Amino acid sequence: MTANAPKTYAIDIEDVEYIRHGDTPLLARLFKPRGPEPFPLIIDLHGGAWCLGDRLQDTAINEALAQSGVVVAALDFRMPPVASYPASLADINYAIRWLKTQAPAWGSRPELVGILGISSGGHQAMLLGMRPHDPRYSALPLPAGAPAVDASLRCVVMCWPVIDPLARYRYAKKLKEGGKPYPELVDLVLPLHDKYWKTEEAMAEGNPVLALERGERVALPPALYLQGTSDKAHPRADLDRFVVHYRKAGGQVELELFEGEAEGFITRNPSSPAAVRAIEKIIEFVHK
């Protein structure tokens, strides 16, 4: 090992229940490095157009982060048909606060908690980063006697987020109206947008880009934004609008574009050169 080679930690993996709705527990999969503390703690939000997927699908990223010396908590949260917007945001906001109360036991600290999200999870990560005190999202109280903590975040990592849900919905509708051939994702995402959001008004309200364009007073945690230049599922125009407005509002966003890569390039092929480079970038940003 050379002097500047990154340290690699052995890790332990376990599932813990973080909240229960009726008889249904919601689980977090914890990836915990063994070694001298404190470690940063990153919450991982899976993608799946707000309606599909689970805490297991970003394991390639989460294991690499943990081996670099980061505690990772990959969440399950309520999705349709169980509950639509904003239920998942309430679960995740609760998880942020709950994980802050648990951080010392897992080798981290409350002020070292950040978030990472993929696709629709990237949208949720940024929306929660911008609105940590929204009363709808923070509606679930912590257990009695828990330390007083809020849901503010140290940083946000977004991998190809649905950063403007309304613009993406209209983009997919326009492709469909143009007739075939169109990308198969169109027939997948349109009904899932409808299931989660119910209305275009909700897509406009729970929307990081439009919140900035409306001049909402929002938190501006440092952000890392990763996307492939051949991504057909996450329109480039929405990315550009977000980056311009976030920086204009005073926020820091690092943009990393991966030439020729399509949506899902990290999770689809974690050992590809682009995916390896992207994971290294995430690790570097989180530790910074």
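As shown above, the structure is provided for reference.
Residues numbered from 1 in each chain as written. Predicted model: local features only at pLDDT ≥ 70, side-chain atom pairs only at ≥ 80, totals over all residues. Heavy atoms only, no water.

J.: Which residues make up the packing of helix α4 (residues 165–177) against helix α5 (residues 185–197), and what values go with them?
T.: Packed helix pairs are specified by the crossing angle of their axes together with the interaxial distance, meaning the distance between the axes. Across the interface, α4 lies against α5 with an axial gap of 10 Å and an inter-helix angle of 140°. As far as their axial angle goes, α5 and α4 are oblique. The way α4 lies across α5 gives a crossing that is left-handed. Residues P165, R168, Y169, A172, K173, L175 and K176 of α4 lie in contact with α5, whose contacting residues are V186, D187, V189, L190, H193, D194 and W197. (Axes fitted to C-alpha atoms, helices over the stretch in contact; angles between N-to-C directions. Helix = DSSP H or I, 4+ residues; strand = E, 2+ residues; numbered from the N terminus. Parallel < 35°, antiparallel > 145°, perpendicular 65-115°, else oblique. Left-handed = near helix turned anticlockwise from the far one by under 90°. Contact = heavy atoms within 4.5 Å.)

J.: Kindly report on the pattern of salt bridges, identifying the contributing residues and their values.
T.: Opposite charge on two side chains lets them pair, provided their charged atoms get close. Applying the stated criterion across every chain, the model contains 24 salt bridges. One salt bridge connects R241 with D238, and the closest N-O pair in it is separated by 3.4 Å. Of this pair, R241 and D238 both sit in helix α8 (residues 236–248), three residues apart, roughly one helical turn. In the salt-bridge network here, residues are joined through shared partners; they are R131, D134, R136, E205, R214 and E216. (Salt bridge = Lys/Arg side-chain N within 4 Å of Asp/Glu carboxyl O.)

J.: Summarise the packing of helix α1 (residues 59–67) against helix α10 (residues 273–287); cite the residues concerned and give the values.
T.: The geometry of α1 relative to α10 is characterised by a closest axis approach of 10 Å and an angle of 45° between their N-to-C directions. Accordingly, the angle class assigned to the pair α1 and α10 is oblique. Crossing of α1 over α10 shows right-handed handedness. Of the residues in α10, those touching α1 at A60, I61, A64 and L65 are I279, I282, I283 and V286.

J.: I'd love a proper account of the pairing of strand β6 (residues 156–159), names of residues and values included.
T.: Taking every second residue as pointing to the same face, both faces of β6 are buried, with V156 and M158 on one and V157 and C159 on the other. Where strand β5 (residues 113–118) meets β6, four bridges bridge the pair, whose relative direction is parallel. Looking at β6, one finds that I115 is bridged to V156. Assessed by its sense of winding, the connection that carries the chain from β5 through helix α3 (residues 120–130) to β6 is right-handed. Of the strand pairs in this sheet, β6 and strand β7 (residues 223–228) are connected by four bridges, and their pairing is parallel. Across the sheet, C159 pairs through a bridge with L226, a residue of β7. (Buried < 20%, exposed > 50% of the residue type's maximum accessible area, 1.4 Å probe, protein only. Pairing = 2+ DSSP bridges. Right-handed = clockwise from strand over helix to strand, strands pointing away.)

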